[in-house]
Amino acid sequence: MEILSALIVLTLIKATPIIYAALGGVISERSGVINIGLEGMMAAGAFTAAIVSYATNAPLLGVLAGIVAGGLAGLVLAIAATRFKVDQIVAGTGINLICAGGAAYGLVLVFNQPGASKQVNALGPNYWVLVVLAFALAIALQWLLSRTPWGLRVRACGENPRSVAAAGLDPLALRTFAVTLSGALAGLGGAFLSIGELNLYSDGMTAGRGFIALAAVIFGRWNPLGATAASVVFGLFEALQYVLQGKISWLPADAMQALPYIAALIALAGVTGRVRAPASDGVPY
Amino acid sequence: MPALELRSIRKTFPGVVAVDDADLVLYPGEIHALVGENGAGKSTLSAIAFAELKPDSGTVIAHGTVGLVHQHFELVGRLRVWENVLLGREPRRGWTIDAHAARKRVRDIAERNGLRIDPDAVVETLPIGVQQRVELLRELDREPSVLLLDEPTAALAPSEIESFFQTVKALAACGTAIMIVTHKLQEVMAYSSTVTVMRHGRITATMPTASTTAEAIAQAMVGGEIPKVAAREERPLAPCLSIRTGDISLDVRSGEIVGIAGVEGNGQTTLADSITGMIPYDGTLSIERNGRPPLGVIPQDRQAEALVLAWSIVDNVMLGRQQVLRRGALLDRERARTDAQTIAQRFDVRAANLDVAVKTLSGGNQQKIVVGRALIDEPALVLAYNPTRGIDVGAAALVQSRLIEARNRGAAVLLISFELDELLAVADRIAVMYRGRITGEFERIAFDRGAIGRLMAGLA
């Protein structure tokens, strides 16, 4: 029983950053921009949150700074993808590299040490607020997308941006906003990693969660609630790895750590061909 | 008072003057046809009228709003009809869309204009004609005083065309100024009140439709005589293509054009794809090569199947000709360039140069490249699937002449067309397809429009 409740708690904690990033992925892709840069935007959020919390001793400011940092990275991708029509995969990959590299360099600049930051003030027990907020945001986004004029326009933009233009709206403005919001959400997920779950930033701490989130977007059929459910599944596998560690002696720890990634791979292979992406997902306007 | 005035409009694109010193005035209640060959500047001029493009010089005065129904519908297939119609002008209740009011509004506009539509239908499940109604409703919701229709009947079936023009007439009767961009002269004659002809970016004539003839308009479009389909030559015929499958038994001989008549969707695509090897077939299919490349193909959908739109003319001319252009392990680009030049000359392709992306060309010029490429290696068999669909009379006559030339030099030509008139004009023999089978064959001497039409409808 104890192990079950521990598993549930750990699943929710591990799912939270993936949910934020996946919600960001949903918004971006529904507007027609593939956000392969989620991973980097998470790193930007995680690093900035740690730095600002270190400088101000106010973890809440750190969280806000993480949101802003992710949003800025999102804005860069948005401008590259809309204004300059750069290939979205290339631009997103660039953002992943810049954010990871920038954070590694930033550690040396600020803390004079590579690899990880010093310990900083974290949210502590208050991180529960962010866990609950993730699920609340999922419901809110589902409602926004399906019920509001903005949601209808974003969906239309991801399917056929010319229809949006024909209706007298600006598809590029819609996409820019959506991708920026996407980055802000991923940044919030990153902040949860560094000063929610832990109390420091270390290199590579996002560990592919941005990509797992992309898988969750597809597995959840581009719906906020679906992507959230998929994130919880991936969170469960990550949690399992901790709970089972040392219990199954014949399985090496490395193989355990690979669990969530293997789960993502299997999930994607299973849904391929049975789900339908927004028609203009990844197509510049 | 005019609803829309275009005065001394000039618009250039790199290397081309698209519109030159054009004047066009639209009055409430008139149905004004704007005709011209592909690339004559019609689309540019209507984009300027819609304020989608800015002219280099000249003035646009619109009294009221201008609506544009695009040739390629700008709809979202996965959304519902009402969502498409009211996108950008959604009725609200608080933060959310008032779906109830939205449905009612769409139903009201539809009813007022005599259009039948289910506001909750998902657009991609609707037939093309109904999708166009959705596109039209979106413009009508804005109560435009000027409505521009760009090739509105290009995708419609004959029965849909008739009901479409009933709607247009009713709109005009209510005082909307309507401009129809088209190159279908029958429709111009049947439904328009005024006609304006464009040629090479200039307006060459504006006249009341009642005081002119289709021939006169066609002449103003091409600037002289319409190229006549070249004369036939008689010669003994050797078999080239032979198909024997469960449903189809067909022979095409070298030096003849065999037309496949039939309503769209009666197995023509299966036939074409079997010949090109796109799909497997039961039975036998052979092509007598006579020492030539076996097959030149003019696919049905030039943008999806024939061209890489982002590539240059030269690169597109290389596509599918790897065997011909091979020089050791490489491809002979110089020869491809020469070929592209030959095609551009023989087909009068209007492009700034041979290195521009084909997506910048008009549909007619794109098609000329596709046809030119299919014929340039003088293949034993030419498969032409609706080779003149969506292109203007001048270009169509040119394409037809080139097919006849190919036949005269000894090629077997299989011409699949949804336009019976085209087959009657060009083919030496016509086979009718109905539900995947060939239900009848007619030699030229026995061509009978009525009999062929009955077979096409499955009545005989």
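The structure contained in this document is the topic of the report that follows.

Criteria and cut-off values
Residue numbering note: each chain is counted from 1, following its sequence as written. Chains and ligands are labelled by the order in which they are written, letters from A for the one and numbers from 1 for the other. Only residues with pLDDT of 70 or above have their local features reported here, since the model is predicted, and side-chain atom pairs are shown and tallied only from 80 upward, although totals for entire chains, interfaces and linings are computed over all residues. Side-chain numbers come from the whole structure's heavy atoms, not from hydrogens or water. Helical segments are the DSSP runs of H or I of at least four residues, strand segments are the runs of E of at least two, and each set is numbered from the N terminus. A radius of gyration in this sense is built from C-alpha atoms; the matching globule rule multiplies 2.2 Å by the number of residues raised to 0.38. Only protein chains enter the area calculation, which uses a 1.4 Å probe; residues under 20% of their type maximum are buried, those over 50% are exposed, and those in between are partly exposed. Note on contacts: a residue pair qualifies if any of its non-hydrogen atoms lie within 4.5 Å across the two residues. Exposure was quantified through the Shrake-Rupley algorithm and a 1.4 Å probe, taking into account, for residues, occlusion by the shown protein chains and nothing else. Counting rule applied: Lys, Arg positive; Asp, Glu negative; His and chain ends not counted. A charge is said to be at NZ when it belongs to Lys, at CZ for Arg, at CG for Asp and at CD for Glu. Definition of nonpolar core: a set of buried residues of the types Ala, Val, Leu, Ile, Met, Phe, Trp, Tyr and Cys, connected through side-chain atoms within 4.5 Å. A pair of strands is treated as paired once DSSP finds two or more bridges between them. Inter-axis angles, ranging from 0 to 180 degrees, are taken between N-to-C directions of lines fitted to C-alpha atoms, where helices are fitted over the stretch in contact. Just so you know how the angles are binned, under 35 degrees is roughly parallel, over 145 roughly antiparallel, 65 to 115 roughly perpendicular, and the rest oblique. Each crossing is labelled by how the near helix is turned from the far one, with a counterclockwise turn of less than a right angle marking it left-handed and a clockwise turn marking it right-handed. For this classification, Asp, Glu, Lys and Arg are treated as charged, while Ala, Val, Leu, Ile, Met, Phe, Trp, Tyr, Cys and Pro are nonpolar and the rest, including Gly, are polar. By buried area we mean the combined loss of accessible area, with a 1.4 Å probe, across both parts when two parts are placed together. Salt bridge, as applied in this entry: a Lys or Arg side-chain nitrogen positioned within 4 Å of an Asp or Glu carboxyl oxygen. Any pair of nitrogen or oxygen atoms within 3.5 Å is treated as a polar contact; in protein, a donor-acceptor pairing is required on top of that, and neighbouring residues in sequence qualify only through side-chain atoms on both sides.

This next bit is on the overall build of chain B. Counting its regular elements, chain B contains 16 helices and 22 strands. Against the globule reference of 23 Å for 460 residues, chain B gives a C-alpha radius of gyration of 24 Å, in line with a compact fold. For the C-alpha atoms alone, the extent of chain B along its principal axes is close to 70 × 50 × 50 Å. Taken across its 460 residues, chain B has 52% of its residues classed as buried. Intrachain contacts of chain B at a sequence separation of at least 6 include 68% that bridge at least 24 residues. On chain B, roughly 20,400 Å² of surface is accessible, and the fraction owed to carbon and sulfur atoms is 51%. Treating the 52 positive side-chain charges of chain B as one cloud and the 56 negative ones as another, the clouds have centres 2 Å apart.

This paragraph deals with the nonpolar core. If you look at the biggest cluster of nonpolar residues, it comprises 113 residues, and the most contacted ones within it are A:Tyr201, A:Phe234, B:Val81, B:Leu149 and B:Ile178. In contact with B:Val81, other than residues within four places in its own chain, are B:Val106, B:Ile117, B:Asp118, B:Pro119, B:Ala121, B:Val123, B:Leu126 and B:Val134. The next biggest cluster of nonpolar side chains, apart from the first, holds 50 residues, and it includes B:Ile313, B:Leu415, B:Val426 and B:Ala427.

Here the focus is the sheet that holds strand 12 (residues 239–244) of chain B. Residues and elements named next belong to chain B. Sheet architecture is open: three strands sit in the order 13-12-15, paired in antiparallel fashion. The outermost strands of the open sheet, each flanked by one partner alone, are strand 13 (249–253) and strand 15 (284–287). Shown here is a sheet whose adjacent strand axes are inclined to one another by a mean of 10 degrees, direction ignored. Summarising the sheet, strand 12 and strand 15 pair through four bridges and their orientation is antiparallel. From the neighbouring strand, Ile243 faces strand 15, where its bridge partner is Leu285.

For helix 6 (residues 149–159) of chain A, the tally of buried residues reaches 10 of 11 residues, placing the bulk of the element in the interior. Of all the positions in helix 6 of chain A, only A:Pro149, A:Gly151, A:Leu152, A:Arg153, A:Val154, A:Arg155, A:Ala156, A:Cys157, A:Gly158 and A:Glu159 are classed as buried.

Angle between the axes and distance between the axes are the two parameters that describe a pair of packed helices. All names here are of chain A. Direction vectors running N to C along helix 9 (residues 209–219) and helix 10 (residues 224–244) enclose 135 degrees, while the axes themselves pass 7 Å from each other. Here helix 9 lies oblique to helix 10, going by the angle between them. Crossing hand, helix 9 versus helix 10: right-handed. Residues Arg209, Ile212, Ala215, Ala216, Val217 and Phe219 of helix 9 lie in contact with helix 10, whose contacting residues are Ala227, Ala230, Ser231, Phe234 and Glu238. Its residues placed into classes, the contact of helix 9 with helix 10 shows eight nonpolar, one polar and two charged.

Chain B puts 19 residues into the contact, and the matching count from chain A is 20 residues. Of the roughly 1,800 Å² buried where chain B meets chain A, counting both sides, 59% is carbon and sulfur surface. Three residues stand out in chain B for area buried against chain A, namely B:Glu74, B:Arg78 and B:Leu87, and they jointly supply 33% of the buried area on that side. At the boundary of chain B with chain A, the tally comes to five salt bridges. Among the salt bridges present, the one from A:Glu159 reaches B:Arg78, with a minimum N-O distance of 3.3 Å. At the boundary of chain B with chain A, the tally comes to 10 residue pairs in polar contact (both at pLDDT 80 or more).

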